[in-house]
Amino acid sequence: ATVEFALVLPLVVLPLLLVAQVGLVVREQILLTHAAREAARAASVTDGDRVSAARRAALRSGPLSADRLTEEVLVSDGGGSVRVSLRYRSHTDLPLVGMLVPDPALGSVAVMRLESTIEDTP
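Computed from a prediction, not measured in an experiment: that's the story for all the values here. (Residues numbered from 1 in each chain as written. Predicted model: local features only at pLDDT ≥ 70, side-chain atom pairs only at ≥ 80, totals over all residues. Heavy atoms only, no water.)

## Describing the sheet that holds strand β3 (residues 105-113)
As a general point, the strands of a sheet are linked pairwise by backbone hydrogen bonds and lie either parallel or antiparallel. The strand order across the open sheet formed by three strands is β1-β2-β3, and the pairing between neighbours is antiparallel. Either end of the sheet is taken by a strand with one partner, and the two such strands are β1 (69-75) and β3. On average, each strand axis in the sheet is inclined to that of its neighbour by 15°, with strand direction left out of account. Each of β1, β2 (81-89) and β3 is contacted by helix α1 (residues 2-45), which is oriented at about 30° to β3, the strand it contacts most. (Pairing = 2+ DSSP bridges. Helix = DSSP H or I, 4+ residues; strand = E, 2+ residues; numbered from the N terminus. Axes fitted to C-alpha atoms, helices over the stretch in contact; angles between N-to-C directions. Contact = heavy atoms within 4.5 Å.)

What follows is the structure in structure tokens.
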């Protein structure tokens, strides 16, 4: 029984670790979606630099690492909306799984109408 357990244990632990890693990546995707909404909101209401406001809001929205986050802020041609696009590199760092699964690139986009009082000039 001990030998059988020793042979079967890796076949049971590896799928459990894979499921746990998928759960961690899904958690980071949800955090990234929330960060994109917060960044779009901050960029839409600011009267100053929209890119800086979006980055600050995205980093304050949750436990996302600043060195793995990139953002892009676009104001529509008519000046009626702001679009924030975030990209995040998730690390697969669980034992065994990190070696088998590459680091996924996550992305999220949020669009909100402008509510600030100044006009942006391209």
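## Examining a nonpolar patch on the surface
Residues Val3, Leu7, Val8, Val12 and Leu16 make up a contiguous nonpolar surface patch of roughly 490 Å² in combined accessible area. For Leu16, the location among the structural elements is in helix α1. Residue Leu16 is classed as exposed on the basis of its relative accessible area of 56%. (Patch = residues over 30% accessible without salt bridge, like charges linked within 9 Å, V, L, I, M, F, W, Y side chains within 5 Å. Areas by Shrake-Rupley, 256 points an atom, 1.4 Å probe, with all protein chains shown as cover. Salt bridge = Lys/Arg side-chain N within 4 Å of Asp/Glu carboxyl O. Buried < 20%, exposed > 50% of the residue type's maximum accessible area, 1.4 Å probe, protein only.)

## Some details on the nonpolar core
Of all hydrophobic cores here, the largest spans 20 residues; its most connected members are Leu32, Val84 and Leu86. Among the elements of the structure, α1, α2 (50-60), β1, β2 and β3 are those that each provide at least two residues to this core. When neighbours within four sequence positions are excluded, Leu32 is seen to be in contact with Leu64, Leu69, Leu86, Tyr88, Leu106, Gly107 and Ser108. (Core = buried A, V, L, I, M, F, W, Y, C linked by side-chain atoms within 4.5 Å.)

## Points about the packing of α1 against α2
Put simply, α1 and α2 touch, their axes get as near as 7 Å, and they point 145° apart. The element α1 and its partner α2 pack so that their crossing is right-handed. For the pair formed by α1 and α2, the contact residues are Ala35, Glu38, Ala39, Ala42, Ala43 and Ser44 on the first element and Arg50, Ala53, Ala54, Ala57 and Ala58 on the second. The residue inventory of the contact of α1 with α2, partitioned by class, reads eight nonpolar, one polar and two charged. (Left-handed = near helix turned anticlockwise from the far one by under 90°. Nonpolar A, V, L, I, M, F, W, Y, C, P; charged D, E, K, R; others polar.)

## With respect to α2
Every α-helical turn comprises 3.6 residues, leaving residues that sit three or four positions apart pointing alike. Inspection of α2 places Arg50, Ala53, Ala54, Ala57 and Ala58 among the buried residues, and these make up the whole buried set. Down the axis, α2 shows its buried residues gathered within 130° of arc, on one side only. The inward-facing, buried residues of α2 abut α1, β1 and β2. The N-cap residue of α2 is Asp49: its side-chain oxygen and the backbone nitrogen of Val51 are 3.4 Å apart. (Arc of directions from axis to C-beta. Polar contact = N/O pair within 3.5 Å; in protein donor to acceptor, adjacent residues only side chain to side chain.)

## As for the pattern of salt bridges
Counted by the stated rule, this structure contains three salt bridges. Linking Glu71 and Arg55 is a salt bridge whose minimum nitrogen-to-oxygen distance equals 2.6 Å. Residue Glu71 is located in strand β1, and its partner Arg55 is located in helix α2; the two are separated by 16 residues in the primary sequence. Residue Glu115 pairs with Arg113 through a salt bridge whose shortest N-O separation is 3.9 Å. By sharing partners, the salt bridges in this structure join Arg41, Arg113 and Glu115 into a single network.

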